[in-house]
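# A closer look at the structure
The chain contents come next:
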Amino acid sequence: TAPELLRNFSIIAHIDHGKSTLADRMLQATGVVQPRDMRAQYLDRMDIERERGITIKSQAVRMPWAVEGPDGAVVHALNMIDTPGHVDFSYEVNRSLAACEGAVLLVDAAQGIQAQTLANLYMAIEGDLTIIPVLNKIDLPAAEPERHAEEIASLIGCEPEEVLKVSGKTGLGVPELLDRIVEAVPPPVGDPSAPARAMIFDSVYDTYRGVVTYVRVVDGALKPRERIEMLSTGAVHDLLEIGVISPEPKPSGGLGAGEVGYLITGVKDVRQSKVGDTVTSAAAPATEPLAGYQDPKPMVFSGLFPVDGSDFPALRDALDRLKLNDAALTYEPETSVALGFGFRCGYLGLLHLEIIRERLEREFNLDIISTAPSVVYEVTMEDRSTHTVTNPSEFPEGKVSSVSEPVVRATILTPSEFVGTVMELCQSRRGAMQGMDYLSETRVEMHYILPLAEIVFDFFDALKSRTRGYASLDYEMDGAQDANLVKVDILLNGEKVDAFSAIVHRDGAYSYGVMMTKRLKDLIPRQQFEVPVQAAIGTRVIARETIRALRKDMLAKCYGGDITRKRKLLEKQKEGKKRMKAIGRVDVPQEAFIAALGAD
Ligand code: GTP
């Protein structure tokens, strides 16, 4: 297709504002998906995406759309590049936007602008994209399209009348939106006769086909069966298949300048087809790579352990498989006294952690337990040595001079009546206010610097429940800050239980210690002797509970009773023994640890 007939665009929206539903209507309106093949959220292929209603991986789909010109109808090719809405995955939004010239800014007509609308909009503006403002869900009785159109118009500097109004549910306004995309989004510019350069914006592992790489060709063209080169590594591969997704992969005679599509080379590992890399022809290679992306860095770490120790090799295989598709996931083996063999894993954020956990359980049938999430701390000792700590149990012993923790720059959008509540919440999470802007009389944008550690637990839930669901949150990493942080250890009969060590602010150390010792006291069965459960900072004990000694013989109560009952009890005990973990002299069923980690 000639570049002037191409339009590459993304839909950017706050989570739940209806991006996937609108994409479905576009697939139908352009005839790419026939009515009988239609299913909701057509592009969200992974089951877990469909069930949770969120989009994880970017997808690119090509749709024909005819527009009347002076000499009759002209068919254009629209490439829609889907983007995920959740903050954890904003790096994927970024790279999708780099493949486009335009962005549809989609806003729920009942909710108005939200924090991620803004975050994504700023990214699109930074990328110099043409913005098409659209209000969605205008079929809703609670929709206030006029009010929100004004808000959007004043935000991006257009007239309120220019804001399109659509319903992804009924399909109303969708043809007009497609027309507007053709009219307003500039066609791609690139040099069709220059050496080929294509940017990789996603690569996905497929069990049957190996790695499927999504590219946007910038200059030149790529042809089937030629040899291609990855510019960063110089690795050369045979191009086995090249084509477009519409809505299933369709092999084609090649991809020209400005086109978006997929490549298959037979490589088995996504790391050989790195997102952000430039693909060129091996026969006539380009010399300059295209501007790439930064690798996503894991921000949150936690231990993953199989509930049944014999599942350890299966867990390793499963993580290897997930990693094929998810460059942001990291893991290395970890051994815990309480939980046995497992892995220390790094994630982009809490949602990423939950998704990995759920996929391990659902797709790989593994029963796993994860330890409390931790961020990355930089610890400086008095002897000037520094340590990077992602696992509280590895916090260095000795004299600490300072500890720094990652902080985020957070934007919270809330109705003005909740400003006080939000301030209270942020203060209790060690937030520092940076300023406040009124978007309108009733809506306020608040800026905070907050420790990432305070956000990763339940900040989002707390924010939602205190504002009856009206506030929204977006954040980006903003370096690190020193804080008064200490490691609290939990001791059972004087022995450290590694899985329960935590790095917390000194002000919160006591309450963490009290909570954990109480919880373990209730969960750990009595032993033949008295067992102290203590919380300590270094050698200083800050909280203590006692598990009293067991007096009665368990079988005594069965004495004289029926023998099968006695046998059952013995068998039960034997089964329990298998999973006993010995902490020093104390035998603890693994279930007790799991329960203690799982409780809120
Ligand atoms: P993420 O992929 O998680 O970012 O969400 P999304 O923005 O793709 O939202 P999705 O399309 O999943 O829609 C969110 C919810 O809004 C779903 O329950 C949809 O049924 C509903 N919805 C979407 N569009 C419309 C609309 O035009 N009208 C009405 N009434 N509901 C809509």
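Residues numbered from 1 in each chain as written. Predicted model: local features only at pLDDT ≥ 70, side-chain atom pairs only at ≥ 80, totals over all residues. Heavy atoms only, no water.

### Examining the overall build of the protein
Of the regular secondary structure elements, the protein holds 14 helices and 31 strands. Out of the 600 residues belonging to the protein, those deemed buried represent 54%. Taking all contacts inside the protein whose residues are at least 6 apart in sequence as the whole, residues at least 24 apart take part in 68%. With the model as given, the accessible surface of the protein reaches about 27400 Å², and the carbon-plus-sulfur share is 50%. (Helix = DSSP H or I, 4+ residues; strand = E, 2+ residues; numbered from the N terminus. Buried < 20%, exposed > 50% of the residue type's maximum accessible area, 1.4 Å probe, protein only. Contact = heavy atoms within 4.5 Å. Areas by Shrake-Rupley, 256 points an atom, 1.4 Å probe, with all protein chains shown as cover.)

### Brief notes about unusual backbone geometry
The phi angle of most residues is negative, glycine excepted, and most peptide bonds adopt the trans form. One non-glycine residue, Lys137, lies in the positive phi region at around 65°. The class of Lys137 is partly exposed, set by a relative accessible area of 22%. At Asn493, a position not held by glycine, the phi torsion is positive, near 50°. Residue position: Asn493 is located in the loop between strand 25 (485-492) and strand 26 (495-496).

### Structural notes on the packing of helix 9 (residues 419-428) against helix 11 (residues 459-466)
For the pair helix 9 and helix 11, the least separation of the axes is 10 Å and the interaxial angle reads 155°. Classified by the angle between their axes, helix 9 and helix 11 sit roughly antiparallel to one another. Of the two possible hands of crossing, helix 9 and helix 11 adopt the one that is right-handed. In contact with Thr421, Val422, Glu424, Leu425 and Cys426 of helix 9, helix 11 contributes Phe459, Ala462, Leu463 and Arg466. Grouping the constituent residues of the contact of helix 9 with helix 11 by class yields six nonpolar, one polar and two charged. (Axes fitted to C-alpha atoms, helices over the stretch in contact; angles between N-to-C directions. Parallel < 35°, antiparallel > 145°, perpendicular 65-115°, else oblique. Left-handed = near helix turned anticlockwise from the far one by under 90°. Nonpolar A, V, L, I, M, F, W, Y, C, P; charged D, E, K, R; others polar.)

### Digging into the environment of Glu417
Assignment of secondary structure puts Glu417 in the loop between strand 21 (400-415) and helix 9. Judged by its relative accessible area of 61%, Glu417 falls in the exposed class. Sequence separation between Glu417 and Arg443 is 26 residues; the distance between their C-alpha atoms is 8.7 Å.

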